[in-house]
Amino acid sequence: MDNNINDFSGDFPVLDQQVNDERLVYLDNAATAQRPRQVIKALTDFYEQDNANVHRGVHTLAERATKDYEDARQKVQVFINAPAAHDVIFTKGCTDSLNLIAATYGEQNIKPGDEIVISIMEHHSNLIPWQQLAKKKQAVLKYIELTADGELDLADAKHKITDKTKIVAVTHASNVMGTVTPLKELVAIAHQHGAVIVGDGAQAVPHMPVNVQDLDVDFYAFSGHKMMSPMGIGVLYGKADLLRAMPPYQYGGEMINDVHRDQSTWADIPFKFEAGTQNIAGAVGLGAAVDYLSHVGMKNIQRKEQSLVNYVLPQLIAIPDVQVYGPQLPQKHTGVISFNIKGLHPHDVATALDMDGVAVRAGHHCAQPLMEELGVTATARASFYFYNTKEDADQLIKAINETKEFFNIGTI
Ligand code: C6P
């Protein structure tokens, strides 16, 4: 185990508690991460000192709030290496960002007979917007399939992406199997065929260095709350020429240039896509989360999570009657691990683990087509973040063994 960046316990007040008389082990980070004191303080400071609406007032608080908000945008720009701050649009979250692209770029560019290509491991947020757009426009929705060990099948992607493809939309990391997709290669294939490509970074940005210019991705979406910011704030990155050519998503205050009785013109990016009062405090909190993550270092975070997976995955796979879905090799995994215990419903597993203080998610994880592909209706899912420890992994393994014993699994 890499112990370099092991002790963050003091920074995360919520982790310092017992549930059901056991030490809390929070392994539901793919659903939402916990917030460090630094992010909570940034929020409190904003509300106690600077709170005002942005881009509207000339009074001191309005100017401070505007600076805080735009500073947060610049922090995100640097964090993902976007070419300019105006390429970073604040949204409500990853779901909102993906819907924005479908409702604007998709509406404008998809015609009958065009093809949209996604993968079978997509979260519903990167599936339903394209499914509904395809239906509305009489376009064809195609799915890139998985290899036998749960990775995105690049050969199938080469086959599915054709000159008829107008949009490719693929997750950067699976929220079910922890698989990292070859996004850069997919970008190259999509561009060879003249298609734009959308990356869903919800499970990637919090866990690994992401460089949108190096990926050369056209659009990239992610949520703040999975990277320790407040909920209700997210990001859509887009290439400026594409964003400028797109129609607005919503109409209202602050997204306009001029409004007359019969016609209106739009503000430049990013404001064209930020109609109405935004989640200003959320953006400030996201900026603080970016500061925290940058201070720890995304490479360090990735290394720490990898060492946790190296430690826990082989132990999990070795437990009789436990099935792990997706890649079985730790180096092919993020900190997300889905599993089932033979004969038990994942909800019962999650409830039993909670009795031992271990918080995991159970269900279809908003990826029902993937569940169908895996031949299950649901899984239990443990998802690690850099503040988790080897002791957390030990408590998970112990709790799984106790759950098996409690339900007499493997003893008859
Ligand atoms: N996945 C999970 O427990 P929102 O809900 O907008 O913040 O993020 C949507 C989303 C999009 N793509 C991927 C790959 C995701 O994992 C998620 C959110 C959570 O797996 C909640 S369902």
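All values reported here derive from a predicted model rather than from experimental measurement.

**Some thoughts on the site of the ligand**
Then step 1. Around the ligand, a shell composed of 17 residues is seen, among which Thr95, Asp200, Gln203, Ser223 and Arg361 lie nearest.
Then step 2. Residue Asn175 places a side-chain N or O atom 2.8 Å away from an oxygen atom belonging to the ligand.
Then step 3. A distance of 2.7 Å separates an oxygen atom of the ligand from a polar atom in the side chain of His225.
Then step 4. Surface burial for the ligand is 87%, taken as the share of its 510 Å² of free accessible area covered by protein chains.
Then step 5. The residue inventory of the shell around the ligand, partitioned by class, reads five nonpolar, eight polar and four charged.
Then step 6. Mapped onto the domain boundaries, the shell around the ligand takes at least three residues apiece from domain 1 (40–295) and domain 2 (297–406).

**Thoughts on the nonpolar core**
Then step 1. By size, the foremost hydrophobic cluster in this structure holds 77 residues, and its most contacted members are Tyr220, Met228, Phe386 and Tyr387.
Then step 2. In terms of residue count, helix 9 (residues 280–296) provides more of this core than any other element does, eleven residues in total.
Then step 3. The residue makeup of this core includes at least three contributed by each of domain 1 (40–295) and domain 2 (297–406).

**Notes on the packing of aromatic side chains**
Then step 1. If you walk through the whole model with that rule in mind, you get 14 aromatic pairs.
Then step 2. Each ring, one from Tyr385 and one from Phe386, has its centre 4.7 Å from the other, and the planes form 75°; the classification is edge-to-face.
Then step 3. Assessed through its relative accessible area of 0%, Phe386 is described here as buried.
Then step 4. Centroid distance Phe406 to Phe407: 5.1 Å. Interplanar angle 85°. Geometry classified as edge-to-face.
Then step 5. We classify Phe407 as partly exposed; its relative accessible area is 31%.
Then step 6. Among the aromatic residues, those joined into a ring-pair cluster are Phe8, Phe12, Tyr292, Tyr385, Phe386 and Tyr387.

**Remarks on the pairing of strand 11 (residues 256–259)**
Then step 1. As defined by bridge partners, strand 11 adjoins strand 12 (residues 264–266) across three bridges and the pair is classed as antiparallel. When the sheet's bridge partners are listed, Asp258 is paired in strand 12 with Thr265.
Then step 2. The hairpin turn running from strand 11 into strand 12, its antiparallel successor, is four residues long.

**Some words on the pattern of salt bridges**
Then step 1. Inspection of the entire model under this criterion finds 21 salt bridges.
Then step 2. The closest approach of N and O atoms between Asp71 and Lys67, which form a salt bridge, is 2.7 Å. Within this pair, Asp71 and its partner Lys67 are both found in helix 2 (residues 60–80), separated by four residues, close to a single helical turn.
Then step 3. By relative accessible area, Lys67 is classed as exposed at 52%.
Then step 4. Salt-bridge contacts for Lys160 lead to Asp156; the nearest nitrogen and oxygen are separated by 2.9 Å. Here the residue Lys160 and the residue Asp156 both occupy positions in helix 5 (residues 154–160), the gap between them amounting to four residues, near one helical turn. The residues Lys160 and Asp156 share a single accessibility class, namely buried.
Then step 5. What emerges from the salt-bridge pattern is a single network uniting Glu70, Arg73 and Glu274.

**Overview of the sheet that holds strand 16 (residues 361–363)**
By way of backbone hydrogen bonds, the strands of a sheet pair with one another, either parallel or antiparallel.
Then step 1. The antiparallel open sheet is built from four strands, whose spatial order is 13-14-17-16. In the strand order of this sheet, the two ends are held by strand 13 (322–325) and strand 16, each with one partner. Averaged over all pairs of adjacent strands, the angle between strand axes in this sheet comes to 30°, irrespective of strand direction.
Then step 2. Of the pairings in the sheet, the one linking strand 13 to strand 14 (residues 336–341) comprises four bridges and is antiparallel in character. Pairing of Val324 across the sheet is with Phe339, part of strand 14.

**A word on the domain arrangement of the protein chain**
Accessible area lost on assembly of the parts is the figure often given for the size of an interface.
Then step 1. The domains assigned to the protein chain are domain 1 (40–295) and domain 2 (297–406).
Then step 2. Its C-alpha centre places domain 1 at a distance of 28 Å from the equivalent point of domain 2.
Then step 3. Of the residues lining the interface, 33 residues belong to domain 1; the matching set on domain 2 comes to 30 residues.
Then step 4. In this assembly, domain 1 packs against domain 2 so that about 2,400 Å² is buried in total across both faces, 62% of it on carbon and sulfur atoms.
Then step 5. A salt bridge links Lys332 to Glu151; its shortest N-O distance comes to 3.0 Å.
Then step 6. Taken together, the links from domain 1 to domain 2 amount to 14 residue pairs in polar contact (both at pLDDT 80 or more).
Then step 7. Tallying contributions element by element places helix 9 first for the side of domain 1 that touches domain 2, with four residues.
Then step 8. Within the side of domain 1 that touches domain 2, the residues separate by chemical class into 17 nonpolar, eleven polar and five charged.

Calculation rules
- Residues numbered from 1 in each chain as written.
- Predicted model: local features only at pLDDT ≥ 70, side-chain atom pairs only at ≥ 80, totals over all residues.
- Heavy atoms only, no water.
- Near = heavy atom within 4 Å.
- Polar contact = N/O pair within 3.5 Å; in protein donor to acceptor, adjacent residues only side chain to side chain.
- Areas by Shrake-Rupley, 256 points an atom, 1.4 Å probe, with all protein chains shown as cover.
- Nonpolar A, V, L, I, M, F, W, Y, C, P; charged D, E, K, R; others polar.
- Domains from an automatic or database assignment.
- Core = buried A, V, L, I, M, F, W, Y, C linked by side-chain atoms within 4.5 Å.
- Buried < 20%, exposed > 50% of the residue type's maximum accessible area, 1.4 Å probe, protein only.
- Helix = DSSP H or I, 4+ residues; strand = E, 2+ residues; numbered from the N terminus.
- Phe/Tyr/Trp six-rings, centres within 6.5 Å; stacked < 30°, edge-to-face > 60°.
- Pairing = 2+ DSSP bridges.
- Salt bridge = Lys/Arg side-chain N within 4 Å of Asp/Glu carboxyl O.
- Axes fitted to C-alpha atoms, helices over the stretch in contact; angles between N-to-C directions.
- Contact = heavy atoms within 4.5 Å.
- Buried area = accessible area lost by both parts, 1.4 Å probe.

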